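Below are the chains, spelled out letter by letter.
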Amino acid sequence: TYTLPAASVVVNGKKIQSNTVTIKVVKGNTSSPQGNKSNTPDAGKGIDENDIFLKAVPSKSNPLQGEQITVTYKLYTRVPVSLNGIDKIPSYEGFWSQDLIKDNDKYAQYNETVNGQKYMVAEIRKVALFPQKGGKLLIDPLQVEVVAQIQTKQKRNSFNDPFFDNFFNDSFFGSSVQNVKKTLRSNAVTIN
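Let me sum up the structure you'll find in this document. Throughout this document, residue positions are counted from 1 along each chain, in the order its sequence is written. Under the rules for a predicted model, residues below a pLDDT of 70 receive no local features and side-chain atom pairs below 80 are neither given nor counted, while totals for whole chains, interfaces and linings still include all residues. Computation of side-chain values covers all heavy atoms of the structure but excludes hydrogens and water.

1. Observations concerning the overall build of the chain
Turning to step 1, where the next piece is worked out: Counting secondary structure elements, the chain contains two helices and 14 strands.
Turning to step 2, where the next piece is worked out: Across the 192 residues that make up the chain, the buried fraction comes to 29%.
Turning to step 3, where the next piece is worked out: Working rule for contacts: check all heavy atoms of both residues, and any pair within 4.5 Å makes them a contact. In the chain, once contacts between residues fewer than 6 apart in sequence are set aside, the share between residues at least 24 apart is 71%. A run of H or I in DSSP becomes a helix once it reaches four residues, and a run of E becomes a strand once it reaches two; helices and strands are each numbered from the N terminus. Exposure classes here rest on a 1.4 Å probe applied to the protein chains alone. A residue is buried below 20% of its type maximum, exposed above 50%, and partly exposed in between.

Printed below as a string of structure tokens:
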């Protein structure tokens, strides 16, 4: 149980104070949500956060007012994936913006190594931004939904025979593929 203290501010010489808030953190339920009739369960079960992620990459962090910068949203993955759709596009408050990817079926794709791990990268959104005012401008995260294919191991055979173990543990027999929905959010970007 945590208690957040009251916040206070002075406005026109008067001190205004909020109430305190008490938060109780409880152990979460690890079972999947009931009533999910889709064959693509949500929450990204079986996917490591390093297997797939979304990153916003600005071309420049300190532009002049009116100077163009480009923000590229890159989907990094080490598992087969398809983009279900963009759930939330940032508002780009303080910028004039222009979408640079017109054909959403053809994304630039290439390999990139991050922390020693090789990823397939797809540039799923690219935006030209022109700052309209000075100061720190925050670009909210982009949110997308993807369906990833993960391999799941099947049960071993009951023969207890090394020949059959090797045969049925072959990639053709030893695993199956499961489609898993996952919601990804890019990092927020601060432009000075």
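2. A closer look at the pattern of salt bridges
Turning to step 1, where the next piece is worked out: Salt bridge, as applied in this entry: a Lys or Arg side-chain nitrogen positioned within 4 Å of an Asp or Glu carboxyl oxygen. Here the structure, examined in full by the defined rule, presents five salt bridges.
Turning to step 2, where the next piece is worked out: Of the charged contacts in the structure, one is a salt bridge between R78 and D51, with a shortest N-O distance of 2.7 Å. One end of the pair, R78, is in the loop between β6 (69-77) and β7 (81-88); the other, D51, is in the loop between β4 (21-23) and β5 (52-58), with 27 residues separating them in the sequence.
Turning to step 3, where the next piece is worked out: Overall, the relative accessible area of 15% leaves D51 in the buried class.
Turning to step 4, where the next piece is worked out: The salt bridge partner of E112 is K74, with a shortest N-O separation of 3.8 Å. Residue E112 is found in strand β9 (residues 108-114), and its partner K74 is found in strand β6; the two are separated by 38 residues along the sequence.

3. A short note on the nonpolar core
One broad trend across soluble globular proteins is that nonpolar side chains are buried collectively.
Turning to step 1, where the next piece is worked out: By nonpolar core we mean a set of buried residues, namely Ala, Val, Leu, Ile, Met, Phe, Trp, Tyr and Cys, connected to one another through side-chain atoms within 4.5 Å. By size, the foremost hydrophobic cluster in this structure holds 26 residues, and its most contacted members are Y73, F95, I124, L129 and I139.
Turning to step 2, where the next piece is worked out: The residues touching F95, leaving out its near neighbours within four places in the chain, are I69, L129, F130, P131, Q132, L137, I139 and I191.

4. Looking at the side chain of T70
Turning to step 1, where the next piece is worked out: For T70, the location among the structural elements is in strand β6.
Turning to step 2, where the next piece is worked out: Among all residues touching T70, those that are not within four sequence positions of it are V57, P58, S59, L100, K126 and V127.

5. A short note on the packing of aromatic side chains
Turning to step 1, where the next piece is worked out: Only the six-membered ring of Trp is used, alongside the rings of Phe and Tyr, when aromatic pairs are assigned; centres must lie within 6.5 Å, and planes under 30 degrees apart are stacked while those over 60 apart are edge-to-face, with the rest tilted. Overall, the coordinates contain four aromatic pairs when judged by the stated rule.
Turning to step 2, where the next piece is worked out: Measuring from centroid to centroid gives 5.3 Å for F53 and Y119, while their planes differ by 75°, and the two rings are edge-to-face. Residue F53 is located in strand β5, and its partner Y119 is located in strand β10 (residues 117-131); the two are separated by 66 residues in the primary sequence.
Turning to step 3, where the next piece is worked out: For F53, a relative accessible area of 21% puts it in the partly exposed group.
Turning to step 4, where the next piece is worked out: Centroid distance Y76 to Y119: 6.0 Å. Interplanar angle 85°. Geometry classified as edge-to-face. On the criterion of sequence distance, the pair formed by Y76 in strand β6 and Y119 in strand β10 is long-range, its members being 43 residues apart. Each member of the pair, Y76 together with Y119, is buried.
Turning to step 5, where the next piece is worked out: Here a set of aromatic residues connected by ring pairs shows up, and it is made of F53, Y76 and Y119.

6. Quick notes on a nonpolar patch on the surface
Turning to step 1, where the next piece is worked out: Patches in this entry comprise residues that are over 30% relatively accessible and not in a salt bridge; like charges within 9 Å are linked, as are nonpolar side chains (Val, Leu, Ile, Met, Phe, Trp, Tyr) within 5 Å. To measure how exposed things are, a 1.4 Å probe is used in the Shrake-Rupley method; for residues, cover is taken only from the protein chains shown. On the surface, Y2, L4, V21, I23 and V25 cluster together to form a nonpolar patch covering roughly 470 Å² of accessible area.
Turning to step 2, where the next piece is worked out: Of all elements in the fold, only β1 (2-4) and β4 reach the threshold of two or more residues within the nonpolar patch.
Turning to step 3, where the next piece is worked out: Of the residues examined, Y2 reaches a relative accessible area of 54% and is grouped as exposed.

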